[in-house]
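These are the residues of each chain, in order.
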Amino acid sequence: MGYIRMVRTGGLHFCSDAISFVPDLEEIINFEELAKADDISEEVNESFAQFDSSIGRLAKNVGEGSDYFRMLVDVFAPEFRDNKNMHLLNFYAIVPALTINFVEHVIICKEKMNKKNKIGAAFTDDGFAMGLAYILKLLDQNSQFDALHWFNSVTRKYATDAQQQNNKTSAPGSDDSEKLLQTRELALKRIILYRREFDLLYYSLSSARIFFRAGSSRSDQADNKTNEQATTGGAAKEDGAEEK
């Protein structure tokens, strides 16, 4: 995500410098139309057309910027969905196991923050959520993953565990009671810790999926293909009518 932002910022900086000599971006003069009105040579008309096209692209990029996330999806989605990668067809099914492994990894990294040896310590990591959102979009498996209701299941699981710990009782004043109390407090802290990390992962993943919300999907590709066929068929009919 940092790399993409850096590329986008560099592109905007370049476009801003390149278009700084245009006096008014709201009313850009079309030199091609002026050249045609004055009946100038064809070579000059082509030069003005290329110039107008370049200015138009610069103005558009400065105003909107380039959607690099969508470009990444459009470039790699056909390769990921190719028949030779059929083993990725059920990738969404291993996402729950991946999230458990990631949460345990993040907890270990955060615990190292309070130790003298801080090798491998970290307090946050959004790379996993960003990469997971990207792969799910490439494979067009967001709906399949949502159908698992994984994070809802995690929330119910830890709520049940917390309730079970609170229901544990023993005879008051006994040694077993103090030990049970200490064990229960430690267990509840662990449950709260894991539940919080899963919540943070859910928020990070939901935010990361927004970057790839618009992009290449099988339904989009089917719609585009249908539109192309309709356009081609309409053009063929028009050509046939002209010939007649």
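Please refer to the structure higher up on the page.
Figured I'd write up the structure that's included with this text.

So, on to the overall build of the protein. The secondary structure content of the protein amounts to 10 helices and 0 strands. Counting from the amino terminus, the protein carries its helices and strands in the arrangement α-α-α-α-α-α-α-α-α-α. For the protein, with 244 residues in total, the buried portion stands at 24%. Sequence separation of at least 24 residues holds for 76% of the intrachain contacts in the protein that already meet a minimum separation of 6. Working note: accessible area of the protein is about 17,100 Å², and carbon and sulfur atoms make up 55% of it.

Its 18 residues place the ends of helix 8 (residues 150–167) 26 Å apart at the C-alpha level, agreeing with the 26 Å of an ideal helix rising 1.5 Å per residue. Taken residue by residue, helix 8 has Trp150, Phe151, Val154, Tyr158, Asp161, Ala162 and Gln165 as its buried positions. Looking down the long axis of helix 8, one finds its buried residues gathered within 110° of arc, a one-sided arrangement.

Time to look at the layout of surface pockets. Approximately 260 Å³ is the volume attributed to the largest pocket. Lining of the largest pocket is provided by 13 residues; of these, Trp150, Phe151, Asn152, Tyr202 and Ser206 occupy positions nearest its centre. Elements represented by at least two residues in the lining of the largest pocket include exactly helix 7 (142–148), helix 8 and helix 9 (175–211). A breakdown of the residues in the lining of the largest pocket according to their chemical character gives 6 nonpolar, 4 polar and 3 charged.

With respect to the helices, strands and loops of the structure, Phe123 is situated in the loop between helix 5 (95–111) and helix 6 (127–138). A relative accessible area of 61% means that Phe123 is categorised as exposed. Remark: the alpha-carbon pair of Phe123 and Lys110, spanning 13 residues in sequence, is separated by 5.2 Å. Setting aside anything within four residues of it in sequence, one finds Phe123 in contact with Lys110 and Met113.

Basis of the calculations
- In this numbering scheme, every chain counts its residues from 1 along its sequence in written order.
- Local features in this predicted model are restricted to residues whose pLDDT is 70 or higher, and side-chain atom pairs enter the listing and the counts only when it is 80 or higher, whereas totals over whole chains, interfaces and linings include all residues.
- The basis for every side-chain value is the complete set of heavy atoms in the structure, and neither hydrogens nor water enter the calculation.
- Counting from the N terminus, the helices are DSSP H or I runs at least four residues long and the strands are E runs at least two residues long.
- Partly exposed residues are those whose accessible area sits between 20% and 50% of the maximum for their type, while under 20% is buried and over 50% is exposed, using a 1.4 Å probe and protein chains only.
- Pairs of residues are marked as contacts when any of their non-hydrogen atoms sit within 4.5 Å.
- To measure how exposed things are, a 1.4 Å probe is used in the Shrake-Rupley method; for residues, cover is taken only from the protein chains shown.
- Under the convention used throughout, the expected extent of a helix is 1.5 Å for every residue step, that is, one less than its residue count.
- The arc in question is traced by the directions running from the helix axis to the C-beta atoms.
- Cavities and pockets were defined on a 1 Å grid built from protein atoms only: a cavity is a group of points that admits a 1.4 Å probe but offers it no way out, a pocket is an open group of points flanked by protein on both sides within 12 Å along at least five of seven lines, and a lining residue is one with an atom within 4 Å of any such point.
- Grid points are joined across faces, edges and corners, and a volume is the space filled by probe spheres set on the points.
- In this count, Pro and Cys sit with the nonpolar residues alongside Ala, Val, Leu, Ile, Met, Phe, Trp and Tyr, while Asp, Glu, Lys and Arg are called charged and the others, Gly among them, polar.

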